[in-house]
Amino acid sequence: MSVSGHDNSGAGAPRPADFIRDIVAGDLAAGRCKRVRTRFPPEPNGYLHIGHAKSICLNFGIAREFGGVCNLRYDDTNPMKEEPEFVDAIYEDVRWLIAGWADHCLGLKPRGKKPETIVTDGKPDFYLGPVTKGDAHCDAWPDDTLEPFYASDYFEQLYQYAVQLIKKGKAYVCDHTPEEVDKMRGAPDRPGKPSLYRDRSVEENLDLFARMRAGEFPDGSRTLRAKIDMSSPNVWLRDPVLYRIRHAEHHHTGKEWCIYPTYDFAHCLSDYIEGVTHSICTLEFEVHRPLYDWILENLELPRPLPRQYEFARLNLSYTVMSKRKLMQLVTEGYVSGWDDPRLPTIRGLRRRGVTAEAIRAFAYNIGITKYNALTDVAAFEHAIRDDLNKRALRRLAVLQPLRLVITNYPEGKTELVEAVNNPEDPAAGTRRVPFSRVLYIERSDFMENPPPNYFRLRPGGEVRLKYAYIVRCDEVVKDAAGNVVEVRCTADLGSKTGGPTAARKVKGTIHWVSAEHAFEAECRLYDRLFTVPEPDAEGDFIKYLNPNSLQVVTAKCEPSLMDAKFGEHYQFERLGYFVLDKDSGSKLVFNRTITLKDSWAKQAQKG
RNA sequence: UGCCCGAUGGUGUAACGGUAGCACAGCAGACUCUGGAUCUGUUUGUCCUGGUUCGAAUCCAGGUCGGGCAGCCA
């Protein structure tokens, strides 16, 4: 299905395609919210991957389909794990992925801006709304004056919310060590024991919490905890930690803080402060939802509260997705870096030549459910081919060259044959490709003793040279070791495209380049990184690494490829889709994004 | 073991009490100056057992299987 096939940007109500969109549509119809606001909240502790892309497509997709906004927010509440390197990379990847599709729904904020204290229904309130390119006044906000949201920008407000909770007797400072807290939490089937500090007075709690902030206590010595229910069957309701002490420098707030809110405390309130209506996350947060609601409901919040909904994260066969495993592949050198074309990272896929449109189409096709599925990479590969087939410029290149000499073709003669740039898109026009007496063809397009269903070149057989002549193989030249080093042919000189015998039917058509005109380029042939569908199912995933995931060859390319542009997609006819790699210098480097579907290889394997 | 969630062809999904559909993969054929693309046809499915109902993938009960949760990670 094409991307435009599900483009809901036009008139008419979008057709809800999954249970979350159903909910959003219902809330809008019932007036429970005026305008939908979602958010994409990555923690800046790693690079984004195809799994994040699913979430981005969902959150931004909902925003654009329902005329809302999706805030990009760094969920940066843990200074030990986060780095500016990731902050920048995430922003870049998100923008690349939604460009031309949902960039008008990208919720940002004026650089440096923090929540404002406002009054809502007579009550004090904190609010920080988004600015988008879709806004009427977007001209007032040149690119560099806007930035994503940071949960860390709300630390002051979060602190005040915590104080409010303390004043209401709903939170207390706990002096137990991490080990004690752990032990006292009990087990899923066994209630926990209350903290010895659970019944401290409000005054003492306020004092201690202020001193925690002031830096009087060492890391881990105290926490702020919610006072909920130590015997709750949901362990996340057993007085969860809201604040912990970390004398660490934060990438965004520097040394301003030495206490940091936990995910549970920060996330729901960040959603609230930003006016998020639908907070969509993955299944593992399902058990946190009661806590998400508890925090919001136990504070005096005058505006409508955000609601959390969960969906199943993406699992893709033949790949690994966890941050830890991706990190290991990078740091232990199994791949060249975070943008290695074999990685499922956004930048890896991008470098590989996968388009944002293909990723979006894939995300749309797999749908959104609560079922923990394993999606076949074949579905992703289909989306990639489907997109590239429509846009790629066709070119001729030979990966494993074999000399072919046309004995009845004059030496020194060069013809320019007309070649179609893209049969799927007539507007792409044609180009001229030099043809001469000595060519290179693909080694695999000639077989001395072929199986019966082989219909490329064989001794005595005929084959069409794409865009040029039909040739017959008369003679095979071998080296001392018996390897075929050259095939000698005669051409049917009237069979050139448009010629008198051009209509003759020959079974096979092969690609070629003119030896004297071709130039050499490095081609990096990528394949799946793993050899098994579930590399991380059990044990060491490293042992399932595909030793042939990268193969480097020197290809012979048609001259027009000299002008290859970065970001342009090419189909080397009969071989696959390629893009120019950033490593290109005086010698060009092409990455193979993906092969063409090859039913011959499958058939040959069977036979 | 306690709580929460889920289960529809090989895979991913739709059907919201009324003919089980779509996509991927597979297979077969047509077409093709890419063994690509395109087109056509096609194999395969409601976890189990009861119940409600004229009628159940859908509602109810019990079971089975799978996933998640006991970080001062997110």
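As the structure is a computational prediction, the values presented were derived from the model and not from experiment. Sequence order sets the numbering: in each chain, residues are counted from 1 along the sequence as written. Chains carry letters and ligands carry numbers; both start at the beginning, A for chains and 1 for ligands, and go up in the order they are written. Local features in this predicted model are restricted to residues whose pLDDT is 70 or higher, and side-chain atom pairs enter the listing and the counts only when it is 80 or higher, whereas totals over whole chains, interfaces and linings include all residues. Only hydrogens and water are removed before side-chain values are computed, so all heavy atoms of the structure are retained for them.

(A) Region of interest: the overall build of chain A. Secondary structure counts use DSSP, requiring at least four H or I residues in a row for a helix and at least two E residues in a row for a strand, with both numbered from the N terminus. Regarding its fold elements, chain A presents 13 helices and 30 strands. If you line up chain A on its principal axes, its C-alpha atoms span 100 × 50 × 40 Å. Out of the 607 residues in chain A, the part that is buried amounts to 54%. In this description, contact between two residues means that some pair of their heavy atoms is separated by no more than 4.5 Å. Sequence separation of at least 24 residues holds for 71% of the intrachain contacts in chain A that already meet a minimum separation of 6. Here the Shrake-Rupley method, with its probe set to 1.4 Å, supplies the accessible areas, and only the displayed protein chains count as covering residues. Per element, the accessible surface of chain A, about 26900 Å² overall, is 50% carbon and sulfur. Asp and Glu are treated as the negative residues and Lys and Arg as the positive ones, with His and the ends of the chain left uncounted. Charge coordinates come from a single atom per side chain, which is NZ of Lys, CZ of Arg, CG of Asp or CD of Glu. The positive charge centre, built from 84 side chains, and the negative charge centre, built from 86, are 4 Å apart in chain A. Categorising residues by exposure relies on relative accessible area from a 1.4 Å probe, with only protein chains included: less than 20% of the type maximum marks a residue as buried, more than 50% marks it as exposed, and the intermediate range marks it as partly exposed.

(B) Fine view of the side chain of Q157. In this fold, Q157 is placed in helix 4 (residues 155-167). In this structure, Q157 is in contact with P115, F126 and I273, ignoring residues within four places of it in sequence.

(C) Quick look at the protein's contact with RNA strand B. Nearness is defined per residue: one heavy atom within 4 Å of the molecule or strand is enough. In the vicinity of RNA strand B there are 70 residues, among which D182, D189, R394, T497 and K602 approach most closely. Restricting the count to atoms of RNA strand B within 4 Å of the protein gives a sugar and phosphate share of 64%. Under this definition, polar contacts are N or O atom pairs within 3.5 Å; protein pairs additionally need one hydrogen-donor-capable and one acceptor-capable atom, and for neighbouring residues in sequence, both atoms have to be side-chain atoms. At a separation of 2.8 Å, a phosphate oxygen of RNA strand B approaches a polar side-chain atom of R185. Between RNA strand B and K466, the relevant distance is 3.4 Å, taken from a sugar or linking oxygen to a side-chain nitrogen or oxygen of the residue. Residue assignment for the surface near RNA strand B shows that the elements contributing at least two residues are helix 5 (178-184), strand 11 (241-245), helix 12 (377-391) and helix 13 (599-606). Ranked by residues supplied to the surface near RNA strand B, first place goes to helix 13 with 5 residues. Note that Gly is not counted as nonpolar here; it falls among the polar residues with everything else outside the nonpolar set of Ala, Val, Leu, Ile, Met, Phe, Trp, Tyr, Cys and Pro and the charged set of Asp, Glu, Lys and Arg. Its residues assigned to classes, the surface near RNA strand B shows 25 nonpolar, 19 polar and 26 charged.

(D) Structural context of the sheet that holds strand 30 (residues 589-595). In spatial order, the strands read 15-28-29-30-26-27-16; together these 7 strands make up an open sheet with mixed pairing. Whereas interior strands pair on both sides, the edge strands pair on one side only; in this sheet they are strand 15 (393-395) and strand 16 (397-398). We treat two strands as partners when DSSP finds at least two bridges between them. Across 4 bridges, the pairing between strand 28 (residues 569-572) and strand 29 (residues 576-580) is antiparallel. The partner of Q571 across the bridge, within strand 29, is Y577. Angles shown run from 0 to 180 degrees and are taken between the N-to-C directions of axes, each axis being a line fitted to C-alpha atoms and, for helices, limited to the stretch in contact. Along the sheet, helix 12 makes contact with strand 15, strand 28, strand 29 and strand 30, crossing strand 30 at roughly 120 degrees.

(E) Spotlight on the nonpolar core. Formed by 44 residues in total, the largest nonpolar core has its most connected members in I50, F60, V94, I359 and F380. Elements with a contribution of two residues or more to this core: helix 2 (50-65), strand 2 (69-74), helix 3 (84-98), helix 10 (346-352), helix 11 (356-366) and helix 12. Filtering out sequence-adjacent residues up to four positions away, I359 remains in contact with I50, A53, W96, L97, L349, V354 and F380. Take the buried residues of types Ala, Val, Leu, Ile, Met, Phe, Trp, Tyr and Cys, join any two whose side-chain atoms come within 4.5 Å, and each joined set is a nonpolar core. Core analysis: the next-biggest nonpolar cluster, separate from the first, contains 41 residues, Y154, L208, I259 and Y292 among them.

(F) Molecular detail of the confidence of the model for chain A. The pLDDT averaged across chain A works out to 94; a share of 96% of its residues lies at or above 70. Scored between 0 and 100, pLDDT is the confidence that the predictor attaches to each residue. Note on residues 1-14: pLDDT is under 50 here. Beyond four places in sequence and across chains, it has 16 contacts. Confidence estimates for the predicted assembly give a pTM of 0.96 and an ipTM of 0.97.

(G) Seen up close, the sheet that holds strand 17 (residues 401-406). With mixed pairing, 7 strands are arranged side by side in an open sheet as 24-21-22-23-17-20-25. Every interior strand has two partners, whereas the edge strands, strand 24 (509-510) and strand 25 (512-514), have only one. Where strand 22 (residues 470-478) and strand 23 (residues 484-492) come together, 8 bridges link them in antiparallel fashion. The residue of strand 23 that forms the bridge with K478 is V484.

(H) Region of the structure containing the side chain of R37. Note that R37 resides in strand 1 (residues 37-40). For salt bridges, the criterion is a side-chain nitrogen of Lys or Arg within 4 Å of an Asp or Glu carboxyl oxygen. An unpaired buried charge is present at R37: no salt bridge exists, and E274, the closest side chain of opposite charge, is 6.9 Å distant. Separated by 2.4 Å, the side chains of R37 and Y127 make a polar contact. Filtering out sequence-adjacent residues up to four positions away, R37 remains in contact with V69, Y127, G129, P130, E274, G275, V276, T277 and H278.

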